[in-house]
Amino acid sequence: MIQSVKLFRFLLLSISAIITCSGDSSSGGQTLSSQKTIRSILVAGSLNVDTFLPISRFPSSGENLTLLPNTHPLVDVPGGKGCNQAIACAKLSSSTQQTQQKILRVAFLGQFGNDSASQILQSALTSNNVNIDLCGKSKQHPSGRGYVMIVPDSGEVSAVISPGSNFYGWSKWGVKNPTDNDQQQPNELLTDDEIKQMISPHSLLQLQCEIPDLVNKRLASAANKLNIPVILDVGGEDRHMDRELLQCCDYLIPNETELERLAGHYTDENENERQQGDDKIETTVQQAIDDIQPLVGQSLHVPTLLQHAKRLQKNGANNVLITLGSHGSLLVKKDLSSVLYQPSCPLPSGSRVVDETGAGDCYRAGFAVALLQQQCGSYKDVIDDDDEILLHCMKFGSAAGALAVTKEGAVPSIPTLDDVKALSANGEAAMKCIPRGGADDDAFPFMFGSRINSMKDRLDLVSDSSSMSSPRDWLRRQATIRGLGCVDFNYPQHFHDWDAKEAKQALDEANLVAGAVCLRYPSTFARGAMNHPDPKLRREAIEITKQAAEVAKILGCSEVVVWSAYDGYDYPFQVDYKDKWNQIVEAFQECCDAYPDIKWSLEFKPTDENTRFFTVPSTGAAMLLLKDIDRDNMGLTLDMGHMLMAGENPGQSIAMVGDKLFGIQLNDGYTRLAAEDGMMFGSVHPSLALEAMYQLRQIDFKGHLYFDTFPQRSDPVKEAEYNIQRVKDFWNAAGRMSKSELERIASEHDAIGALELVNQSLREC
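Residues numbered from 1 in each chain as written. Predicted model: local features only at pLDDT ≥ 70, side-chain atom pairs only at ≥ 80, totals over all residues. Heavy atoms only, no water.

A. Here's a closer look at the pattern of salt bridges. If you walk through the whole model with that rule in mind, you get 25 salt bridges. Residue D233 pairs with K81 through a salt bridge whose shortest N-O separation is 3.1 Å. Taken together, the residues D233 in strand β11 (residues 230–236) and K81 in helix α2 (residues 81–91) connect sequence positions 152 residues apart. You can call K81 buried: its relative accessible area is 17%. In this structure, K546 and E543 form a salt bridge, with 3.4 Å as the shortest nitrogen-oxygen distance. Taken together, the residues K546 and E543, both in helix α16 (residues 535–555) and three residues apart, mark about one turn of the helix. Through salt bridges with shared partners, a single ionic network connects K81, D233, D361 and R364. (Salt bridge = Lys/Arg side-chain N within 4 Å of Asp/Glu carboxyl O. Helix = DSSP H or I, 4+ residues; strand = E, 2+ residues; numbered from the N terminus. Buried < 20%, exposed > 50% of the residue type's maximum accessible area, 1.4 Å probe, protein only.)

And the structure:
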């Protein structure tokens, strides 16, 4: 049975279980550190020293580039999957608090080179309490090295790896290197018994594919005979893995791409023949698809993932744990007895994705550390279900991976156990996992939201359209959008059939968070909300506005966006302009002062069928309004369509607003008179979309991205996913634009140069 009902337990339970395993007891019970042994993880794998080269763009064939001005290479940075995972295991295995609790020990097995880099790598490991006694040192080969070109503006990287001693330093293990002059004699090779002796003191073996396959095979085989669990990270060299190695590994961990690649190496002549127990397997698979597919969205095909895992299992694999980046992880247990899904975990508040280099290594280390704890029975004290234990291991790994992306560099970004504890202690564990847009390896700094009312469109695509009658139903459909992270609710429009607490619970169940609460005043205020001529109704509108702030606090967000369909006029001489202006100023001042922890923003619109002329009809007028309101927690939300309707260039408007831009609503339109088309982003004005993304980069925008589109005749789920991908395309293209060329174009007002640069960038979208 799929454990979907168990997915959302807090990470704190997992961490508490790990700490419990240390055996600390106020009644004087013996701690684990004082017992006969402390459990130990042996990590065998690669280690590199990396050099990072900051450049403006990747070179073309035959082209020479210089580094970015005022930058230098970052040299001799420790890395390599084995090194990363060993240090990550060590950091996740002990507390840096005064108690200095030591949960388990970590040892590393690898091959250092014959150069000075080996000292750097040894120091990196030993300074993080990783034992290196089992490591060898190659006499003929240098240390592994990575040469990484990085474009800082976009975060894109491209690397060349020199494996060095990682591949060529294992002759004592029987690895034959034709170029070596000192091949080991048969009596000098390590025997199977010696390898068993080497690993017998350890409780878990962790491997990767950046060292020779023969070494992995001999280690896994020895561990298997000793009943030591084996985890194999498929990351590294793309190579066939024979069935003997697959059978020796308790957990095979590929990402989505590696899973497809590895499964492609195998064929099974009997794959299509039914075997005993297949009916049960098919039931499990179908249940997994039904439960998990809505959670990961339409762009990730769960049946294909399960098909690949099943093929590996028919060729000897046991448990297959698939990491899906921003979409979480999927564990296909041995013989497809059950399938477990764990969403990815949210970043800590105020954090953003900086570098995803070591996130996968931290996930695998976190899973290994948590898995080892269940052997000592600590999990059994709080959980009776084995699947529940594994879900906690997956969640612990996810939390470690989430923290890792917030810092630069693979090793420097590795979190400590205390980091993970703090993530929970600060209330973050209670927040459900937030999927972020795009591919697994694509760092993107913003969360995406989309218009929830669009989920009412194309109900013919929903199996039971009668179940799409309320905001609760629309939210459930919106949760299937791959890459969506947040929901903007309309108040009071979306709160007639449920209250804010129920909405918060529904968000948690859907793995989403609230982005903002947006005012939608009822038709009672057709003659004006904050501008209503009746003081009583004007007061009522202000109170409704403040109620929206209370709803935002319950939902867990801090933004309220005010757009009134009615604050304005239709004819000359109909209103006193200064009087209407002052009413809005005073109303916002009252709201800002009553809720200083809420970010209030005005969403202007030039015209509408309800109000031909709005009191605040443009970005310029809105900036004047902010000046008169004079509150730090008052800003603007700009809508692309509204700016186009006002005859504005969105990029210029974004630049003018600067740090007062609290929100941005993305769409496009044909800009016909008084028409708001709500088209997909960049579909009509791609050059303006590109500049909007560029200007968001320039002002260091901090909010989330919201799609205010009207997909009435399109699939709203696919439309949102398309928008997410297109925004990422434009964002990355804007990041690749040459700053020096842009400065030259601006200094010369070079129109042709600007168009040529835009065309070049759009070709990359």
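Here the narrative resumes.
B. Structural view of the packing of α2 against helix α11 (residues 359–374). Axis separation between α2 and α11 bottoms out at 8 Å; the angle between their running directions is 45 degrees. As the angle between them shows, α2 and α11 are arranged oblique. In the crossing of α2 with α11, the sense of the turn from one axis to the other is right-handed. Contacts between α2 and α11 pair K81, N84, Q85, A88 and C89 from the former with D361, C362, R364, A365 and V369 from the latter. (Axes fitted to C-alpha atoms, helices over the stretch in contact; angles between N-to-C directions. Parallel < 35°, antiparallel > 145°, perpendicular 65-115°, else oblique. Left-handed = near helix turned anticlockwise from the far one by under 90°. Contact = heavy atoms within 4.5 Å.)

C. Just the nonpolar core, in detail. By size, the foremost hydrophobic cluster in this structure holds 97 residues, and its most contacted members are F489, W600 and L705. Broken down by element, this core gets its largest block of residues, nine residues, from α16. In contact with F489, other than residues within four places in its own chain, are I452, L475, H494, F495, W498, A503, L507, A516, V517, C518 and L555. (Core = buried A, V, L, I, M, F, W, Y, C linked by side-chain atoms within 4.5 Å.)

D. Representation of the side chain of K333. Looking at the secondary structure, you find K333 in the loop between β14 (329–332) and β15 (339–342). Using a relative accessible area of 16% as the deciding quantity, one classes K333 as buried. In this structure K333 touches Q313, N318, N319, S338, L340, D387 and L390, once residues within four positions along its chain are discounted.

E. A look at unusual backbone geometry. In this model, Y491 is joined to P492 through a cis peptide bond whose omega is 0 degrees. Counting through the fold element by element, P492 comes out in the loop between β17 (486–491) and α15 (500–509). The phi angle at D76 is positive, at roughly 55 degrees, despite the residue not being glycine. Relative to the assigned elements, D76 resides in strand β3 (residues 74–79). Despite not being glycine, N227 shows a phi value in the positive range, around 60 degrees. For N227, the position within the fold is in the loop between α6 (213–225) and β11.

These results come straight from atomic positions and should not be treated as a statement about function.
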